[in-house]
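# Summary of structural features
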Amino acid sequence: AIPQRPLASSLTSFSILLNKPTGVDMEDCKSLLKFLDGTPSIVDLGMKLWCRVKTETAPIMPVASLKNVQTCKFDVANPGFNAAHHLLRCIQMPNLYAMDLYIGFEGKDQSPPENSEAFDLLPDPSIHVNLRHLRLTTNFISNFWRYEEARFLKESRSKGKLFGFILTL
């Protein structure tokens, strides 16, 4: 459950796992953003979005301004099938120093993700001006890649093995 009010004015570290079977809806998003905005003492923020974020096409959500957050960890599963970027864009952390971003693409038969599905989750440089450390990890499990790896190895007559995909920044 998403807290409906700030837990303590002195709360400096907060992590939440959003894994609701029916997905996180607009009201859940608004409740979470309201909770975060009402807890300005958070310095370390962690969020796992392991379910679909159901927002409208052009969501109108409140902005949570977390001026004290210095480090955050976001773990997002299947961003192409949810609107996680709409929620994460509403969390502004102007003093963010370090971010760990894990993006998992877990569909069995997915084709490679569009660049925007991963890049939409990257921190906005105009808002996160103090960011000095970004650890971006992506994981892609798919029968598509198994086929492409096998085809490449056969055509190149390589004795090696390929894993994953290349993400260019």
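Residues numbered from 1 in each chain as written. Predicted model: local features only at pLDDT ≥ 70, side-chain atom pairs only at ≥ 80, totals over all residues. Heavy atoms only, no water.

## A closer look at the pairing of strand E1 (residues 13-18)
For a regular strand, side-chain orientation follows a simple rule: the groups alternate between the two sheet faces. Filter applied, for reference: Residue exposure (1.4 Å probe, protein chains only): buried if accessible area is under 20% of the type maximum, exposed if over 50%, otherwise partly exposed. Going along the chain from the N terminus, every DSSP run of H or I of four or more residues is numbered as a helix, and every run of E of two or more is numbered as a strand. If DSSP finds at least two bridges between two strands, the strands pair. A clockwise path from the first strand over the helix to the second, with the strands pointing away from the viewer, defines a right-handed crossover.
Of the two faces of E1, only the one carrying Phe14, Ile16 and Leu18 is buried; Ser13, Ser15 and Leu17 on the other face are not. Sheet analysis places E1 next to strand E2 (residues 44-49), joined by six bridges and oriented parallel. Each bridged residue has a counterpart across the sheet, and for Leu18 the counterpart in E2 is Leu49. In this fold, the crossover linking E1 to E2 by way of helix H1 (residues 26-37) has right-handed handedness.

## Things to note about the side chain of Asp75
Put simply, the rule is: Charged residues are defined here as Lys and Arg on the positive side and Asp and Glu on the negative side; His and the ends of the chain fall outside this count. Salt bridge, as used here: a side-chain nitrogen of Lys or Arg that lies within 4 Å of a carboxyl oxygen of Asp or Glu.
Along the chain, the position of Asp75 falls in strand E4 (residues 71-77). Buried charged residue Asp75 carries no salt bridge. Nearest counter-charge: Lys48, at 4.7 Å.

## Some thoughts on the pattern of salt bridges
Enumeration over the complete set of coordinates arrives at two salt bridges. The salt bridge involving Lys20 is made with Asp28; its shortest N-O contact spans 2.7 Å. A relative accessible area of 33% places Lys20 in the partly exposed class. Residue Arg135 pairs with Asp100 through a salt bridge whose shortest N-O separation is 4.0 Å. Here the residue Arg135 occupies a position in strand E7 (residues 133-140), and Asp100 occupies one in strand E6 (residues 98-105), the gap between them amounting to 35 residues.

## A look at the nonpolar core
Basically, it comes down to this: The definition of a nonpolar core used throughout is a set of buried Ala, Val, Leu, Ile, Met, Phe, Trp, Tyr and Cys residues joined through side-chain atoms within 4.5 Å. For this analysis, residues touch if any pair of their heavy atoms sits within 4.5 Å.
Leu36, Leu45 and Met47 are the most contacted members of the largest nonpolar core, which has 37 residues in total. Counting residues per element, this core draws most heavily on H1, at six residues. Those residues in contact with Leu36 that lie beyond four places of it in its chain are Phe14, Ile42, Leu45, Met47, Ala64, Leu66 and Ile91.

## Comments concerning the pairing of E4
For E4, a buried count of five out of seven residues is recorded, marking the element as mostly surrounded by other parts of the structure. Strand direction decides the pairing type here: E2 and E4, joined by six bridges, are parallel. Bridge pairing in E4 links Met47 to Phe74. Direction of pairing for E4 relative to E6: parallel, over a ladder of seven bridges. Counted as the bridge partner of Cys72 is Met99 from E6.

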